[in-house]
Amino acid sequence: MRAPGARRMIHTRVRSVSDSSVEPTQGFGFFASRSNSAMSSAGHCDLSIERLRRLGLAIDSLGVAITTRKCLDAGGRLSEQVECPQVLTAWERVYRLLRDAFPPAHYHRGRGLARVTQAARGVLAHFSDGATVEADLLVGADGIRSTVRQQCLPEMTPRYAGYSAWRALIAEGAFPSEVHRELFEFMSFGLPPGEQFLGYPVAGPDNDLRPGHRRYNIVWYRPADEKTKLQWLLTDARGTTHSISIPPPLIRHEAIAEMRADAERLLAPQFRQIVRLIEEPILQPIYDLTSPRTAFGRVAILGDAAFVARPHVAAGVSKAADDAAALVEALQTESDVARALQRFEAARLPENHRIIERARHLGAYLQATQTGEERARAGRHSTDAAVVAETAVLDFLYA
Ligand SMILES: Cc1cc2nc3c(=O)[nH]c(=O)nc-3n(C[C@H](O)[C@H](O)[C@H](O)COP(=O)(O)OP(=O)(O)OC[C@H]3O[C@@H](n4cnc5c(N)ncnc54)[C@H](O)[C@@H]3O)c2cc1C
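A few points on the structure.

Parameters at a glance
- Residues numbered from 1 in each chain as written.
- Predicted model: local features only at pLDDT ≥ 70, side-chain atom pairs only at ≥ 80, totals over all residues.
- Heavy atoms only, no water.
- Helix = DSSP H or I, 4+ residues; strand = E, 2+ residues; numbered from the N terminus.
- Buried < 20%, exposed > 50% of the residue type's maximum accessible area, 1.4 Å probe, protein only.
- Contact = heavy atoms within 4.5 Å.
- Areas by Shrake-Rupley, 256 points an atom, 1.4 Å probe, with all protein chains shown as cover.
- Core = buried A, V, L, I, M, F, W, Y, C linked by side-chain atoms within 4.5 Å.
- Pairing = 2+ DSSP bridges.
- Expected span 1.5 Å × (residues − 1).
- Axes fitted to C-alpha atoms, helices over the stretch in contact; angles between N-to-C directions.
- Parallel < 35°, antiparallel > 145°, perpendicular 65-115°, else oblique.
- Left-handed = near helix turned anticlockwise from the far one by under 90°.
- Nonpolar A, V, L, I, M, F, W, Y, C, P; charged D, E, K, R; others polar.
- Lys, Arg positive; Asp, Glu negative; His and termini not counted.
- Salt bridge = Lys/Arg side-chain N within 4 Å of Asp/Glu carboxyl O.
- Polar contact = N/O pair within 3.5 Å; in protein donor to acceptor, adjacent residues only side chain to side chain.
- Phe/Tyr/Trp six-rings, centres within 6.5 Å; stacked < 30°, edge-to-face > 60°.
- Lys NZ or Arg CZ within 6 Å of the ring centre and 35° of its normal.

Helix and strand counts for the protein chain stand at eleven helices and 15 strands. Burial statistics for the protein chain: of 399 residues in total, 51% are counted as buried. Expressed as a percentage of contacts within the protein chain between residues at least 6 apart in sequence, the contacts between residues at least 24 apart total 68%. Accessible surface for the protein chain amounts to roughly 17900 Å². Of this, 54% is attributable to carbon and sulfur atoms.

Here's what the structure looks like:
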């Protein structure tokens, strides 16, 4: 029985079978928070933690706590080290927390939203199985390939950043003891010219945080020209070139062999040993996206459906959480749905643009091609000290 005045809302986050190219549960580490000592400056990720806490979610064992970041040169010598207490968690840990708290009656798996129609008094969602649902508003939180954005902003498509990421999750138990002692409990970087190799610990399967049972997440960003190298990487053994990403089992052996050979040539000995442990790598071309608007009458888009940040600020989840919180606040403040969504848009557009711009600055040196301005950014953000200090921190939002 819907409470008087309660709004009917459709929130597109149906786990659709079609979205199987890269299942977010694999190989995804998240930076959760900096320790209280940095609360005053950083604070943003902790705000997301605070949001989870206010939702009554158990966040005590959210992830792996680390204190220090390291950078190794090509010879494996320490070139940079900073104290940066943080908790690192995995995508599925955050997903599970939220999913288990969401009323199952309202979570529909395998039903894709096909299109939306709006009328003066409501919005109609048309699903791939032919069903339709009417509501007061529709929220498109349907990710980087958003069906809702494609309908509301057909001209806005994800912009390829000029580089892609090899990613993998490695079992802690597979680590050689020497490499484990030197690297496992740290966020570690290797910076071959124009590239970034990054590794850090996350929880094991089923959020197992016991030493010996955790996993190590690696991300290796490498330039890939859009017209040549990227097409080669996204072409499978049958000669089919995939768009946006390629399912891991279809990545060609030559592409993986090249990655492994380059690791032996370019990376520190410790990282070479880690790359040799990779069983099934994931290849993720990096895109970003900004939207000029996020409110369209009774329809709103948020999270990656509206703004996609390159991963260097690690703000994707907290940005989506802040969008959702601003939407709730606007709907609680404004009784007219369309005006409430405009209020939400005004509240979030400036910060989301800043997050995307910051990530572009931090990733400029990884691009296959650069403009003059991007070369200047690359100079500022590609030093060992800058990369170690600036990656996955949101202080810039409060500077
Ligand atoms: C390499 C890499 C590393 C990253 N690292 C971090 C990190 O460390 N920290 C961080 O915070 N973020 C990180 N991110 C970004 C983060 O994953 C995203 O920002 C975040 O998942 C966005 O959440 P979302 O809910 O907006 O979209 P998504 O998580 O993409 O969810 C969209 C949902 O919509 C569903 N859907 C899609 N189309 C339809 C449809 N038509 N009908 C119904 N349902 C649909 C999908 O099945 C999916 O469940 C990283 C991203 C990449 C690529």
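More follows now that the structure is in view.
To continue, consider the nonpolar core. By size, the foremost hydrophobic cluster in this structure holds 31 residues, and its most contacted members are W166, I218, F271 and I274. Only β9 (159-171), α4 (177-184), β12 (215-223), α5 (229-233), α6 (253-266), α7 (269-275) and β13 (282-288) provide two or more residues apiece to this core. Non-local contacts of I218, meaning those with residues more than four positions away in its chain, are made with W166, R167, A168, I170, F197, L198, G199, I274 and I278.

Okay, the pairing of strand β4 (residues 78-90) next. For strand β3 (residues 64-72) and β4, the ladder comprises eight bridges, and the chain directions are antiparallel. Bridge pairing in β4 places V64 opposite L88. Connecting β3 to the antiparallel partner β4 that follows it, the hairpin turn spans five residues, and G76 within it adopts a positive phi of roughly 90°.

Along its 18 residues, helix α8 (residues 316-333) runs 26 Å from first to last C-alpha, staying within 8% of the 26 Å computed at 1.5 Å per residue. Taken together, the buried positions of α8 are S318, K319, D322, D323, A326, L327, A330 and L331.

This next bit is on the packing of α8 against helix α9 (residues 337-363). How two helices sit against one another is set out by the angle between their axes and by the gap between those axes. Running from N to C, α8 and α9 point in directions that differ by 160°, and their axes come no closer than 8 Å. As the angle between them shows, α8 and α9 are arranged roughly antiparallel. The handedness of the crossing between α8 and α9 is right-handed. Together, K319, D322, D323, A326, L327, E329, A330, L331 and T333 of α8 and A340, L341, R343, F344, R348, E351, N352, I355 and I356 of α9 make up the contact between the two elements. In terms of residue class, the contact of α8 with α9 is made up of nine nonpolar, two polar and seven charged.

What follows deals with the packing of α9 against helix α10 (residues 372-381). Direction vectors running N to C along α9 and α10 enclose 75°, while the axes themselves pass 7 Å from each other. Of the possible angle classes, the one that applies to α9 and α10 is roughly perpendicular. Taken together, the residues of α10 that come into contact with α9 (itself represented by E357, R358, R360, H361 and L362) are E373, R377, R380 and H381. Looking at side-chain class alone, the contact of α9 with α10 contains one nonpolar, two polar and six charged residues.

This paragraph deals with the side chain of R298. Here R298 lies in the loop between β14 (295-296) and β15 (299-301). Although R298 lies buried, it forms no salt bridge, and the closest oppositely charged side chain, D136, sits 4.6 Å away as judged by the N-O distance. Here A120 takes part through its backbone oxygen, which lies 3.2 Å from a polar atom of the side chain of R298.

Before going further, it helps to examine the sheet that holds strand β7 (residues 132-135). Read across the open sheet, the three strands follow the order β5-β6-β7; overall the sheet is antiparallel. With one partner strand each, in any of the chains shown, β5 (113-119) and β7 form the two edges of the open sheet. The average undirected angle you get between the axes of adjacent strands in this sheet is 20°. Bridge count between strand β6 (residues 122-127) and β7: four bridges; the pairing is antiparallel. Bridge pairing in β7 places H126 opposite T132.

It is worth spelling out the pattern of salt bridges at this point. Tallying each qualifying case throughout the model produces 29 salt bridges. The salt bridge involving E334 is made with R339; its shortest N-O contact spans 3.3 Å. Residue class for R339 comes out partly exposed when judged on its relative accessible area of 49%. Counted as one network, the salt bridges with shared partners bring together R159, D288, R310, E357, R360, E373, R377 and R380.

Attention now goes to the packing of aromatic side chains. Enumeration according to the criterion identifies nine aromatic pairs in this entry. Pairing F102 with Y107 gives two aromatic rings, centres 5.9 Å apart and planes at 80°, and the pair type is edge-to-face. With relative accessibility at 33%, the residue F102 sits in the partly exposed group. On the numbers, 5.0 Å between centres and 70° between planes, the contact of F175 with Y216 is edge-to-face. Pair noted here: F175 is in the loop between β9 and α4 and Y216 is in strand β12, with a separation of 41 residues, a long-range link. The exposure classification of F175 matches that of Y216, with both residues buried. Among the aromatic side chains, those forming a connected cluster through ring pairs are F175, F184 and Y216. The residue whose ring lies beneath K70 is F186, and the NZ or CZ to ring-centre distance is 4.0 Å. Note that R99 overlies the ring of Y107, its terminal NZ or CZ placed 3.7 Å from the centroid.

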